[in-house]
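# Structural overview for review
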Amino acid sequence: MKFKAFLLIAVLALATIFPTGLATRALVSFASSQNSTDVAERIKRVENGLLDSVAIKGKTSVMKLADRMAYYKVPGVSVAVINNGAIEWARGYGVAETGTNSAVTTETLFQAASISKPVAAMGALRLVGEGKLSLDEDVNKKLTSWKVPENEFTKEQKVTLRRLLSHSAGMTVHGFRGYATDEPVPTLLQLLNGEKPANSAAVRVDVVPGSRWRYSGGGISVAQLLMMDVTGKAFPQFMQETVLSKLEMKHSTYQQPLPKELLVKAAAGHGDNGEAIKGNRHTYPEMAAAGLWTTPSDLARFAIEIQKSRAGKSNKVLTTEMINQMLTIQSGDYGLGLGIGGEGKALHFGHGGSNEGFRCMMFAYAETGQGAVVMTNGDAGGPLGNEILRSIAKEYGWPDYQVRERDVAQVNPKVYESYVGKYQVSGADITVISDNGHLFVQGRPFGPNKIEIYPESETKYFITLDDVTFTFVKDDKGQVVELMVQPPGSRPPLKGKKIN
């Protein structure tokens, strides 16, 4: 699985009212060789050069950030770009809450969602460096307030910190939906046991630890408790002292919910319709897995520290040896807390994040001092963030996030009629529509608006939004009975039956 594809496709939508003064407050670091005029021009090219993942051969087109924010109904975006090992620029766009004049600035707080995990991993690895934890010891030896329940899967192989941080501990619960403002919030122990008021299942081992990679926010929650039990500290305090303050991440906290004094700086989350979610934001007691509030600039400081530590130029939290372990694939394409890809000068690391009303992504190169962080306050911010990253990649000459060209085949539009209908794919309904000689898909995860799909052959189609293909499968009578959706990367296709 390619870690850049953690956010497969977010919900798409149309028009929103966008305030005047699109961009607010740019920060420029003169650590780079660029002067302020050069950087301003680069920012302008990035803002006006958004790109789809796939282009029809010979028809690559660029898009403006303001237009894409309106299209996706994402009220606010915040961006930080790393170049030559420093933050070259950071900028906020739009509003923190729709219907208000609360402009997004570089200090507006966003929920980092699953980007909380690599930052938390750095805290856990600090304890390893101090000798308080071991990467390969059974975590039950150090857990005191709760134990991983033993069963037939843990008879020979145990849950270890290395396996927890690399999603290979065999633990359940992929992710968490958080708790709305009018919902009771469980304790961490209630959450791990699946006890009310927890809205997620109990976290248990149901696969032999170490036998395979499987994303588990539940496993990261076990790591959170492990850090708390070993230090005797509340998790936000531990992370503040161990990581955030050391990296000068001054606008970051794991406090859940946010204290009143920080709420005024926080963005509200928005659904795919562009409206603020109930209560503006959910609370996540799964702090290590999803609870970090931060800014792109602070996450860029985290990424820069990894780059510098790897080069032996800074070791504020971890040694170079430990950073190299973070950046070494342990299972799947995952290191310790980080997604890993590429090799040599193209070795890169990062993570995506998806909380209720928030989508974000962090991507950086281990050796070239380049990278970027994009944070949004909308459920459709995933594809928007990828379009922004492709624009940055083009401007800064990255080898990744390149646009792929595809040829469009000539297909008789009459064929489309046999594809029209509803398909159930991985529990989600996808509707295929034929309209005026064109074919479209609609429904989650594509949102309420129809998205055109283009023929690669009579039965295989693609979208430009992401590197996703659709294959219509016929039975021996020539009737369409199945739709296969191939996600980006090397993941297996998702199969769905035609239901009408």
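Rules used throughout
- Residues numbered from 1 in each chain as written.
- Predicted model: local features only at pLDDT ≥ 70, side-chain atom pairs only at ≥ 80, totals over all residues.
- Heavy atoms only, no water.
- Helix = DSSP H or I, 4+ residues; strand = E, 2+ residues; numbered from the N terminus.
- Rg over C-alpha atoms; globule rule 2.2 N^0.38 Å.
- Buried < 20%, exposed > 50% of the residue type's maximum accessible area, 1.4 Å probe, protein only.
- Contact = heavy atoms within 4.5 Å.
- Areas by Shrake-Rupley, 256 points an atom, 1.4 Å probe, with all protein chains shown as cover.
- Lys, Arg positive; Asp, Glu negative; His and termini not counted.
- Charge placed at Lys NZ, Arg CZ, Asp CG, Glu CD.
- Phe/Tyr/Trp six-rings, centres within 6.5 Å; stacked < 30°, edge-to-face > 60°.
- Lys NZ or Arg CZ within 6 Å of the ring centre and 35° of its normal.
- Pairing = 2+ DSSP bridges.
- Polar contact = N/O pair within 3.5 Å; in protein donor to acceptor, adjacent residues only side chain to side chain.
- Axes fitted to C-alpha atoms, helices over the stretch in contact; angles between N-to-C directions.
- Salt bridge = Lys/Arg side-chain N within 4 Å of Asp/Glu carboxyl O.
- pLDDT = per-residue confidence, 0-100.

Of the regular secondary structure elements, the protein holds twelve helices and 19 strands. At 23 Å, the protein has a C-alpha radius of gyration in line with the 23 Å of a compact globule built from 500 residues. Each principal axis of the C-alpha distribution contributes one length, and for the protein these read about 70 × 60 × 50 Å. Within the protein, the fraction of its 500 residues that count as buried is 56%. Taking the contacts inside the protein whose residues are at least 6 apart along the sequence as the reference set, 65% of them involve residues at least 24 apart. About 19,800 Å² of surface is accessible on the protein, with carbon and sulfur atoms providing 49% of the total. A distance of 1 Å separates the average location of the 56 positive side-chain charges in the protein from that of its 50 negative side-chain charges.

Moving on to the packing of aromatic side chains. Under the definition given, this model contains 18 aromatic pairs. Ring centres of F110 and F358 lie 6.5 Å apart, and the angle between their planes is 85°; this geometry places the pair in the edge-to-face category. A residue pair is termed long-range when its members are at least 10 positions apart, and F110 in strand 5 (residues 110-111) and F358 in strand 9 (residues 358-365) qualify at 248 residues. Judged by relative accessible area, which is 0%, F110 ranks as buried. Given the relative accessible area of 0%, F358 is considered buried. A centroid spacing of 6.1 Å and a plane angle of 70° characterise the contact between Y416 and Y461, whose relative ring orientation is edge-to-face. Placement of the pair is Y416 in the loop between strand 11 (404-406) and strand 12 (421-425) and Y461 in strand 16 (residues 460-462), with a sequence separation of 45 residues. By the ring-pair criterion, three or more aromatic residues cluster together here, those being Y416, Y419, Y423, Y461 and F472. Its guanidinium or amino end placed over the ring of Y396, R42 lies 3.9 Å from that ring's centre, counting from NZ or CZ.

What follows covers the pairing of strand 12. In the case of a regular strand, side chains alternate between the two sheet surfaces. Burial along strand 12 is one-sided: the residues G421, Y423 and V425 are buried and none of K422 and Q424 is. With antiparallel pairing between neighbouring strands as the criterion, strand 12 and strand 13 (residues 428-435) make up a hairpin whose turn holds two residues, including S426 at a positive phi of roughly 50°.

For S418, the position within the fold is in the loop between strand 11 and strand 12. What makes S418 partly exposed here is its relative accessible area of 33%. In the structure, S418 is positioned 56 residues away from K474 in sequence and 9.9 Å away in space, judged by C-alpha atoms. Apart from residues lying up to four places away in sequence, S418 is in contact with V480 and K498. Within the local environment of S418, its side chain forms a polar contact with the backbone oxygen of V415, the two atoms lying 2.8 Å apart.

Here we come to the pairing of strand 19 (residues 494-498). As paired strands, strand 12 and strand 19 are joined by three bridges and run antiparallel to one another. The residue bridging V425 from the neighbouring strand is G496, located in strand 19. Examined bridge by bridge, strand 18 (residues 480-486) and strand 19 share four bridges and lie antiparallel to one another. Bridged to E482 within strand 19 is K497.

Attention shifts here to the sheet that holds strand 14 (residues 438-442). What the eight strands build is a closed barrel, ordered 12-13-14-15-16-17-18-19; its pairing is antiparallel. If you compare each strand with its neighbour and ignore which way they point, the axes differ by 30° on average. Note that strand 12 and strand 13 share five bridges and pair antiparallel. Following the sheet pairing, G421 is matched in strand 13 by V432.

Its location among the elements puts T172 in the loop between helix 4 (161-165) and helix 5 (188-193). Given the relative accessible area of 17%, T172 is considered buried. Of the polar contacts made by the side chain of T172, one reaches the backbone oxygen of A202; its length is 3.2 Å. Not counting chain neighbours up to four residues away, the residues in contact with T172 comprise A202, V203, R204, D206, R214, S216, G218 and G219.

To continue, consider helix 2 (residues 65-72). Restricting attention to buried positions, one finds in helix 2 the residues L65, R68, M69, A70 and Y72. Turning to helix 2, the residues buried within the fold contact helix 1 (36-47), strand 3 (76-83), strand 4 (86-94) and helix 12 (381-396). Remark: K73 follows helix 2 within two positions and exhibits a positive phi of approximately 55°.

Quick look at the pattern of salt bridges now. Within the structure shown, the criterion is met by 24 salt bridges. Ionic pairing is found between D136 and R162, a salt bridge with its closest N-O pair at 2.7 Å. With D136 in the loop between helix 3 (116-129) and helix 4 and R162 in helix 4, this residue pair connects regions lying 26 residues apart in the sequence. Taken together, the shared-partner salt bridges connect R404, R406, E456, K460 and D467 into one network.

The subject of this paragraph is the confidence of the model for the protein. Mean pLDDT over the protein works out to 91, with 92% of the residues at or above the 70 mark. Per-residue pLDDT stays below 50 along residues 1-22; that stretch engages in 98 contacts with residues further than four places along the chain or on separate chains. Contacts from residues 24-33, a stretch scored under 50 in pLDDT, to residues over four places away or in other chains number 27 contacts.

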